[in-house]
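Here's the letter readout for the chains.
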Amino acid sequence: RSSDLQNNLAASVSCTTFEQNATYAAYFQDLDADTNDTYTGYPEALKSCWCQARGFSTALAKYRSFCNSWLIKVIETQFITIVSGMGIVLVNYLLKALLKVLAKFEKHPSRTLMLREMMLKVFTTQFVNTAVIVLIVNAKFETTGSVEAQVVFKGDHSGFDRQWYTTVGSSILIWMIINSVALPAVQIAMVVFEWCIRRAKTSKVATQEELNRLYRGSKFDIASRYAENLNSVFVALLYSTGIPVLLPFATFYSLLSYWTDKYILIRHSRKPPSYDQRMSELVTWLMPTAIILHGCFGIWMLGSTQTIQSELLDGDLADGADTIVDGD
């Protein structure tokens with residue numbers, strides 16, 4: 001039987017096909033009795049799906065030799081996912097630093113306008129880097145247009161299938177976890193570092209002016225704080241229909257960010273200048289966009305037949321549905 005399967009099995013057959021097709025299900029039953037260290041009669045695709053159905057911990061504990069190639073692939077995927085999540089955080093930080101430098105050359109008429117444009121640019125670039133690029137790179141669509149479109153849309157996922165959540169979805173979740181902890185932690189670390197510098201230099205200053213400058217505190221970066229909070233909210237709402245665990249982490253980040261910013265602003269930063277309402281008005285204007293994106297992506301995710309399976313109606317149910325549609 002395994003030799004017939006080797007000849008007839010297409011390389012593109014998915015694990016969902018194995019689980020739902022009665023012919024392939026029979027080979028699953030054979031595998032239940034044939035999983036030993038020396039058995040190699042079944043194609044790798046079928047073995048991988050069989051191991052996946054048992055889960056990583058069970059495959060590692062009971063079928064390590066038989067599922068060895070699948071286990072290695074899972075470990076490699078998880079490693080790449082973690083590294084990509086950390087990479088997104090690093091790239092977002094570099095983008096923020098670069099855009100803050102470039103914003104100073106735009107010659108805005110007021111400081112509020114400069115910070116407003118800085119906030120919008122930092123938020124846009126971070127959101128695209130975090131949520132949009134990872135979606136486009138992994139997307140797979142049939143394209144007949146330009147060469148660029150044929151190159152870009154050649155990923156592994158034609159929709160929000162199970163493997164998308166395993167690879168792309170998990171990388172977004174890891175970014176959210178790292179982002180929720182890393183950004184406030186970096187801010188606190190900078191406060192501690194500056195406090196140590198002050199303690200070390202206090203006894204070495206010669207004048208009151210130098211001492212005042214030493215204890216004046218750093219500037220509170222309100223533009224970056226707006227942008228990073230917006231990015232967290234937008235990413236969480238964009239994918240929360242399919243990855244609902246993003247919402248608790250986004251809430252945790254918002255709470256931690258609030259208390260961290262409050263402490264730094266009151267206890268550590270110098271007195272900020274007076275700003276007008278234009279930054280907060282821009283944020284208020286942008287928030288409904290997140291709700292619209294949440295609804296659109298929710299329809300797309302829940303409408304994926306590869307994630308939520310639905311069977312065709314037959315018999316009396318099908319006749320009843322036709323009657324309702326026809327209005328009889």
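Rules and cut-offs
All residue numbers refer to positions counted from 1 along the written sequence of the respective chain. Per-residue local features are limited, in this predicted model, to residues with pLDDT of at least 70; the limit for side-chain atom pairs, both in listing and counting, is 80 or more; totals at the level of whole chains, interfaces and linings are taken over all residues. Think of the side-chain values as coming from all heavy atoms in the structure, minus any hydrogens and water. Helical segments are the DSSP runs of H or I of at least four residues, strand segments are the runs of E of at least two, and each set is numbered from the N terminus. Whether two residues are in contact is decided by their heavy atoms: any pair within 4.5 Å suffices. Using the Shrake-Rupley algorithm and a 1.4 Å probe, accessible areas are obtained, with residue cover drawn only from the displayed protein chains. The axes are straight lines fitted to the C-alpha atoms, using for helices just the contacting stretch, and the angles between their N-to-C directions are given from 0 to 180°. Oblique is the label for any angle not covered by the other classes, which are roughly parallel (under 35 degrees), roughly antiparallel (over 145) and roughly perpendicular (65 to 115). By definition, any crossing whose near helix is turned counterclockwise from its far helix by less than a right angle is left-handed, and any crossing with a clockwise turn is right-handed. Residues are sorted three ways: Asp, Glu, Lys and Arg are charged, Ala, Val, Leu, Ile, Met, Phe, Trp, Tyr, Cys and Pro are nonpolar, and all the rest, Gly among them, are polar. The rule for a salt bridge is simple: a side-chain nitrogen of Lys or Arg has to be within 4 Å of a carboxyl oxygen of Asp or Glu. Three labels apply to residues, based on accessible area from a 1.4 Å probe with only protein chains included: buried if under 20% of the type maximum, exposed if over 50%, partly exposed otherwise in between. Put simply, a patch holds well-exposed residues, over 30% relative accessible area, that have no salt bridge, with like charges counted together within 9 Å and Val, Leu, Ile, Met, Phe, Trp or Tyr side chains within 5 Å. Lys and Arg are tallied as positive, Asp and Glu as negative. Neither His nor the chain termini are counted. Where a charge lies is defined by one atom per residue type, namely NZ (Lys), CZ (Arg), CG (Asp) and CD (Glu). Multiplying one less than the number of residues by 1.5 Å gives the expected span of a helix. The seven residues ending at a residue and the seven starting there each receive a fitted axis; the angle between those axes is the bend at that residue. The quantity known as pLDDT measures the predictor's confidence residue by residue, on a range of 0 to 100. A pair of aromatic rings is counted whenever rings of Phe, Tyr or Trp (Trp by its six-membered ring) have centres within 6.5 Å, and the orientation is called stacked for planes under 30 degrees apart, edge-to-face for over 60 and tilted otherwise.

Right, let's get into the overall build of the protein chain. Check the secondary structure of the protein chain and you find 14 helices and zero strands. Mapped from its N terminus to its C terminus, the protein chain presents α and β elements in the order α-α-α-α-α-α-α-α-α-α-α-α-α-α. Counting only contacts in the protein chain whose residues sit at least 6 apart along the sequence, the fraction spanning at least 24 positions is 69%. When the accessible area of the protein chain is evaluated, it comes to approximately 19,900 Å², of which 62% is carbon and sulfur surface.

What follows covers the packing of helix H7 (residues 111-137) against helix H13 (residues 278-302). Remark: H7 packs on H13, axes separated minimally by 10 Å, with the N-to-C direction vectors making an angle of 15 degrees. Regarding the angle of H7 to H13, the classification is roughly parallel. Every pair of crossing elements has a handedness; the one defined by H7 and H13 is right-handed. Residue-level inspection shows Thr112, Leu113, Leu115, Arg116, Met119, Leu120, Phe123, Phe127 and Leu135 of H7 in contact with H13, the latter providing Arg278, Met279, Leu282, Val283, Leu286, Leu293, Phe297 and Trp300. Tallied by class, the residues present in the contact of H7 with H13 amount to 14 nonpolar, one polar and two charged.

Within this structure, the stated rule accounts for seven salt bridges. A salt bridge links Lys121 to Glu117; the shortest N-O distance between them is 3.6 Å. Placement of both Lys121 and Glu117 in helix H7 is noted, with a separation of four residues, approximately one turn of the helix. On the accessibility criterion, Lys121 (29% relative accessible area) is partly exposed. Salt-bridge contacts for Arg278 lead to Asp276; the nearest nitrogen and oxygen are separated by 2.5 Å. The partly exposed category is assigned to Asp276, whose relative accessible area is 31%.

Another aspect to go through is a positive patch on the surface. Residues Lys104, Arg111, Arg216 and Lys219 make up a contiguous surface patch of positive charge. With relative accessibility at 59%, the residue Lys104 sits in the exposed group.

Over its 27 residues, H7 runs 37 Å from end to end, which matches the ideal 39 Å to within 8%, given 1.5 Å per residue. Of all the bends in H7, the largest measures some 40 degrees and sits at Asn129.

Moving on: the environment of Ile188. Note that Ile188 resides in helix H9 (residues 162-201). Accessibility expressed as a relative area gives 37% for Ile188, which makes it partly exposed. The spatial distance from the C-alpha of Ile188 to the C-alpha of Tyr263 is 9.5 Å, given a sequence separation of 75 residues.

Turning next to the confidence of the model for the protein chain. This prediction gives the protein chain a mean pLDDT of 76; 73% of its residues lie at or above 70. For residues 1-13, every residue scores under 50 in pLDDT, and the model assigns this stretch 21 contacts once sequence neighbours within four places are set aside.

If you check H13, its first and last C-alpha atoms are 37 Å apart, about what 25 residues at 1.5 Å a residue would give, namely 36 Å. For H13, the complete set of buried residues consists of Met279, Leu282, Val283, Leu286, Ala290, Phe297, Gly298 and Met301. Along its buried surface, H13 packs onto H7, H9 and helix H11 (222-239).

Moving on, we come to the side chain of Gln126. Within the secondary structure, Gln126 sits in helix H7. According to the relative accessible area criterion, Gln126 is buried, its value standing at 3%. If near-sequence neighbours (up to four positions away) are discounted, Gln126 is found in contact with Asn92, Lys96, Ala227, Glu228 and Asn231.

This paragraph deals with the packing of aromatic side chains. Scanning all chains against the criterion turns up 11 aromatic pairs. Seen from their ring centres, Phe160 and Trp300 are 4.7 Å apart, and the 75 degrees between their planes marks the pair as edge-to-face. One end of the pair, Phe160, is in the loop between helix H8 (147-152) and H9; the other, Trp300, is in helix H13, with 140 residues separating them in the sequence. Among the residues examined, Phe160 registers a relative accessible area of 1% and is labelled buried. Judged by its relative accessible area of 38%, Trp300 is partly exposed. With 5.5 Å between their ring centres and 55 degrees between their planes, Phe297 and Trp300 make a pair best called tilted. Of this pair, Phe297 and Trp300 both sit in helix H13, three residues apart, which is roughly one turn of that helix. Owing to a relative accessible area of 13%, Phe297 belongs among the buried residues under this scheme.

Along the chain, Leu238 falls in helix H11. Spatially, the C-alpha atoms of Leu238 and Ala290 are 7.0 Å apart, while their sequence positions differ by 52 residues. Leaving out residues up to four positions away in the same chain, Leu238 has contacts with Phe127, Ala131, Leu293 and Phe297.

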